[in-house]
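# Tertiary structure, described
Chain by chain, the residues run as shown.
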Amino acid sequence: VLDRSGSMSDDVGNSMTRLDKAKQIIENYLKNEVPDGTLVGLVAFDDEPSLISPFQPVNDAYKATLRDDLDKITADGGTCFHPAIEMAITNKDLINNVTEAGTILFVTDGENNNYDRCKITDEIIVSAVTLQTRLVKTEIGVDVQDESIKELFSQTGGETVSIDSNLDVKKFQGVLDRVFQLCKCDEEGLQYSVSGRLRGDCQTVYNGGLWCYVEDLVSRGCSDLRDSMYAGRMWSYQACTEREKD
């Protein structure tokens, strides 16, 4: 769910606007966090929301279509949270009658312009909880203080990541990894040495399988986690299998 309001045209440096940064965030999400076959849709909003792309299973062709759709979005108008969140969560006709929601990546730079009309209602919060929807609120250059959306995030176990003019990809990736409970190897390629030989990082075999250390943020996504006696970390065979798929 992408904010396309007028303030998203503000410059953030390096010849980029807030909207450019938001598009970069979404493209990074599609590239790194969304396995083929996952249902993905796109809603953009200002004073009113628009369904840009209905839920469809992701593949390379659809990712290219989404990138083209993103390129066409321009910044104008006010900011109204409620209709956009409502469209993403409850409007089944627009999202091809999908009956279960998953995670909403909500990218914005500001507050509701018209609080009464745009406040997230209790009904939307109940719908989000019922459908087990989690929200990742990505704030670009601001700290969003709207109490209604804070309540929505509180009730759904949502996550917030703040992005300044320099997109910290690793920080952003870590939040998404935690939300999606992925199983991924430590990005630093952590290894330890035994008799001069480095072990770990899917380079060596232990009890018949390649293994690696995993990040604490993503550990919930690995079904075979084991405690390590060497690095005070956890390790997994599954993470190496997932890396091989990628």
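This write-up is about the structure you can find in this document. (Residues numbered from 1 in each chain as written. Predicted model: local features only at pLDDT ≥ 70, side-chain atom pairs only at ≥ 80, totals over all residues. Heavy atoms only, no water.)

## Thoughts on the overall build of the protein
The helix and strand inventory of the protein stands at eight helices and 15 strands. When burial is assessed residue by residue, the protein has 46% of its 246 residues classed as buried. For the protein, contacts bridging at least 24 residues in sequence account for 64% of all contacts bridging at least 6. For the protein, the exposed area adds up to about 12300 Å²; of that, 45% sits on carbon and sulfur atoms. (Helix = DSSP H or I, 4+ residues; strand = E, 2+ residues; numbered from the N terminus. Buried < 20%, exposed > 50% of the residue type's maximum accessible area, 1.4 Å probe, protein only. Contact = heavy atoms within 4.5 Å. Areas by Shrake-Rupley, 256 points an atom, 1.4 Å probe, with all protein chains shown as cover.)

## Some remarks on the pairing of strand β5 (residues 49–57)
Bridge count between strand β4 (residues 39–45) and β5: six bridges; the pairing is antiparallel. Within β5, the residue paired with Leu39 across the bridge is Pro57. A loop of three residues connects β4 with β5, the two strands running antiparallel in sequence. (Pairing = 2+ DSSP bridges.)

## Concerning the state of the cysteines
Working definition: the covalent bond between the sulfur atoms of two cysteines is a disulfide. The final tally for this structure, using the stated rule, is three disulfides. Disulfide partner of Cys80: Cys118, at an S-S distance of 1.9 Å. Residues Cys80 and Cys118 share a disulfide whose torsion about the S-S bond is about -105°; that sign makes it left-handed. One end of the pair, Cys80, is in the loop between α2 (60–72) and α3 (81–90); the other, Cys118, is in helix α4 (residues 115–118), with 38 residues separating them in the sequence. In this model, Cys185 is linked to Cys212 through a disulfide, with the two sulfur atoms separated by 2.1 Å. One disulfide, between Cys185 and Cys212, carries an S-S torsion of -85° and so falls in the left-handed class. Here Cys185 is found in the loop between α7 (169–180) and β9 (192–194), whereas its partner Cys212 is found in strand β13 (residues 212–214), with 27 residues between them in sequence. Of the two residues, Cys185 and Cys212, neither departs from the other in class, the shared state being buried. (Disulfide = S-S within 2.5 Å.)

## A word on the environment of Arg4
One can find Arg4 in the loop between β1 (2–3) and β2 (11–13). Using a relative accessible area of 14% as the deciding quantity, one classes Arg4 as buried. In terms of polar contacts, Arg4 uses its side chain to reach the backbone carbonyl oxygen of Glu48, at 3.5 Å. (Polar contact = N/O pair within 3.5 Å; in protein donor to acceptor, adjacent residues only side chain to side chain.)

## Details of the packing of helix α1 (residues 18–33) against α2
Helix packing geometry: the angle between the two helix axes and the distance between the axes. At their nearest, the axes of α1 and α2 sit 11 Å apart, and the two run at 175° to each other. Between α1 and α2, the interaxial angle falls into the category roughly antiparallel. Residue-level inspection shows Lys23, Ile26, Glu27, Leu30 and Lys31 of α1 in contact with α2, the latter providing Lys63, Leu66, Arg67, Leu70 and Asp71. Looking at the contact of α1 with α2 residue by residue, the class counts come to four nonpolar, no polar and six charged. (Axes fitted to C-alpha atoms, helices over the stretch in contact; angles between N-to-C directions. Parallel < 35°, antiparallel > 145°, perpendicular 65-115°, else oblique. Nonpolar A, V, L, I, M, F, W, Y, C, P; charged D, E, K, R; others polar.)

## Some thoughts on the packing of aromatic side chains
Throughout the structure, instances matching the rule amount to eight aromatic pairs. Aromatic pair Phe81 and Phe106: ring centres 5.2 Å apart, planes at 80°, arrangement edge-to-face. Taken as a pair, Phe81 in helix α3 and Phe106 in strand β6 (residues 103–108) lie far apart in primary sequence, 25 residues in all. Classification of Phe81 as buried rests on a relative accessible area of 0%. With centroids separated by 5.2 Å and ring planes inclined at 80°, the aromatic side chains of Trp211 and Tyr213 adopt a geometry described as edge-to-face. Side by side, Trp211 and Tyr213 carry an identical accessibility label, which is buried. Feature note: the residues Tyr192, Tyr206, Trp211, Tyr213, Trp235 and Tyr237 constitute an aromatic cluster, connected by ring pairs. (Phe/Tyr/Trp six-rings, centres within 6.5 Å; stacked < 30°, edge-to-face > 60°.)

## Quick notes on unusual backbone geometry
Although it is not a glycine, Asp201 adopts a positive phi angle of roughly 55°. Relative to the elements of secondary structure, Asp201 occurs in the loop between β10 (197–199) and β11 (205–206). Positioned with a positive phi, Cys202 is a non-glycine residue whose angle comes to about 60°. Relative to the helices and strands, Cys202 is located in the loop between β10 and β11.

## Considerations on the sheet that holds strand β14 (residues 226–227)
With antiparallel pairing, three strands are arranged side by side in an open sheet as β13-β15-β14. Whereas interior strands pair on both sides, the edge strands pair on one side only; in this sheet they are β13 and β14.

## Topic: the nonpolar core
Counting 20 residues, the largest nonpolar core has Leu2, Ile26, Leu30, Val40, Ile73 and Val107 as the members making the most contacts within it. When residues of this core are traced back to their parent elements, those giving at least two are α1, β4, α2 and β6. With six residues, α1 is the largest single contributor of residues to this core. In contact with Leu30, other than residues within four places in its own chain, are Val40, Lys63 and Leu66. Within the second largest apolar cluster, 18 residues are counted, among which are Ala88, Ile120, Ile149 and Phe153. (Core = buried A, V, L, I, M, F, W, Y, C linked by side-chain atoms within 4.5 Å.)

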